Amino acid sequence: MSATTLWAAVAAVALISFAFKAVGPAVLAGRELPARARTVIALLAPVLLAAFVVVGIAGPGWSGLDVAVIAGLGAVVVLRLCRVPLLAALVGAVLVTALVRAAGG
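This text gives an overview of the structure that appears in the document. Keep in mind that this is a model prediction, so the values were computed, not measured.

Brief notes about the overall build of the protein chain
Phase 1: The helix and strand tally for the protein chain stands at four helices and zero strands.
Phase 2: Over its C-alpha trace the protein chain gives a radius of gyration of 20 Å, far above what one expects of a compact globule, namely 13 Å for 105 residues.
Phase 3: Each principal axis of the C-alpha distribution contributes one length, and for the protein chain these read about 60 × 40 × 25 Å.
Phase 4: Of the accessible surface of the protein chain, which amounts to about 8,200 Å², a share of 78% is contributed by carbon and sulfur atoms.

A short note on the pattern of salt bridges
Oppositely charged side chains may form a pair once their charged atoms are brought near each other.
Phase 1: Applying the stated criterion to the full structure yields two salt bridges.
Phase 2: One salt bridge in this structure joins Glu 32 and Arg 38, with 3.6 Å as the shortest N-O distance.
Phase 3: What makes Glu 32 exposed here is its relative accessible area of 65%.
Phase 4: For Arg 38, a relative accessible area of 38% gives the class partly exposed.
Phase 5: We note a salt bridge from Arg 101 to Asp 66, for which the minimum N-O separation is 2.6 Å. Of this pair, Arg 101 sits in helix H4 (residues 86-102) while Asp 66 sits in the loop between helix H2 (35-58) and helix H3 (67-81), and the two are 35 residues apart along the sequence.

Thoughts on H4
Phase 1: The first and last C-alpha atoms of H4 sit 24 Å apart over 17 residues, in line with the 24 Å expected at 1.5 Å per residue.
Phase 2: Within the span of H4, buried status applies to Ala 89, Gly 92, Ala 93 and Thr 97. Mapping the buried residues of H4 onto a view down its axis gives an arc of 135°, with all of them on the same face. Of the exposed residues in H4, the ones pointing more than 90 degrees away from its buried face are Leu 87, Val 94, Leu 95, Leu 99 and Ala 102.
Phase 3: In this fold, the buried residues of H4 make contact with H3.

Here's the deal with the packing of H3 against H4
In a pair of packed helices, the angle between the axes and the distance between the axes together describe the arrangement.
Phase 1: Put simply, H3 and H4 touch, their axes get as near as 8 Å, and they point 150° apart. With respect to H4, the element H3 is oriented roughly antiparallel. The interaxial crossing formed by H3 with H4 has right-handed handedness. For the pair formed by H3 and H4, the contact residues are Val 67, Ala 68, Val 69, Ala 71, Gly 72, Ala 75, Val 76, Leu 79 and Arg 80 on the first element and Leu 86, Ala 89, Leu 90, Gly 92, Ala 93, Val 96, Thr 97, Val 100 and Arg 101 on the second.
Phase 2: Partitioning the contact of H3 with H4 into residue classes produces 13 nonpolar, three polar and two charged.

Topic: H2
Phase 1: Between the first and last C-alpha of H2 there are 35 Å, a value that for 24 residues agrees with the 34 Å anticipated at 1.5 Å per step.
Phase 2: A bend of about 30° at Leu 44 is the largest found in H2, and the proline Pro 46 appears one to four places after it.

Focus: a nonpolar patch on the surface
Phase 1: On the surface, Val 54, Trp 62, Leu 65 and Ile 70 cluster together to form a nonpolar patch covering roughly 410 Å² of accessible area.
Phase 2: Inspection of the secondary structure assignment puts Leu 65 in the loop between H2 and H3.

The rules behind the values
- Residues numbered from 1 in each chain as written.
- Predicted model: local features only at pLDDT ≥ 70, side-chain atom pairs only at ≥ 80, totals over all residues.
- Heavy atoms only, no water.
- Helix = DSSP H or I, 4+ residues; strand = E, 2+ residues; numbered from the N terminus.
- Rg over C-alpha atoms; globule rule 2.2 N^0.38 Å.
- Areas by Shrake-Rupley, 256 points an atom, 1.4 Å probe, with all protein chains shown as cover.
- Salt bridge = Lys/Arg side-chain N within 4 Å of Asp/Glu carboxyl O.
- Buried < 20%, exposed > 50% of the residue type's maximum accessible area, 1.4 Å probe, protein only.
- Expected span 1.5 Å × (residues − 1).
- Arc of directions from axis to C-beta.
- Contact = heavy atoms within 4.5 Å.
- Axes fitted to C-alpha atoms, helices over the stretch in contact; angles between N-to-C directions.
- Parallel < 35°, antiparallel > 145°, perpendicular 65-115°, else oblique.
- Left-handed = near helix turned anticlockwise from the far one by under 90°.
- Nonpolar A, V, L, I, M, F, W, Y, C, P; charged D, E, K, R; others polar.
- Bend = angle between axes of the 7 residues up to and from the residue.
- Patch = residues over 30% accessible without salt bridge, like charges linked within 9 Å, V, L, I, M, F, W, Y side chains within 5 Å.

The following block contains the structure:
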């Protein structure tokens, strides 16, 4: 993919995003969205982020699976479930990833 194609795609996505944001208030005209619609919209960002993380970790065709990265992600999940602060959980995940890589994983 060339740089020109990439920037054209970025510009197109930005324009579509702006258009959707402009259409919302015009269509609703001050009315409140139904609760179900607000719930779905609120869940879109976390779902897209999770999808990007999975694709970034797994790689194309699930060929880029890295045991060390998966161990680091598992560590950050466990640490956050134990209510460890985010920065400390991220440092812990980095350490777990480094240790697994050093062990040959």
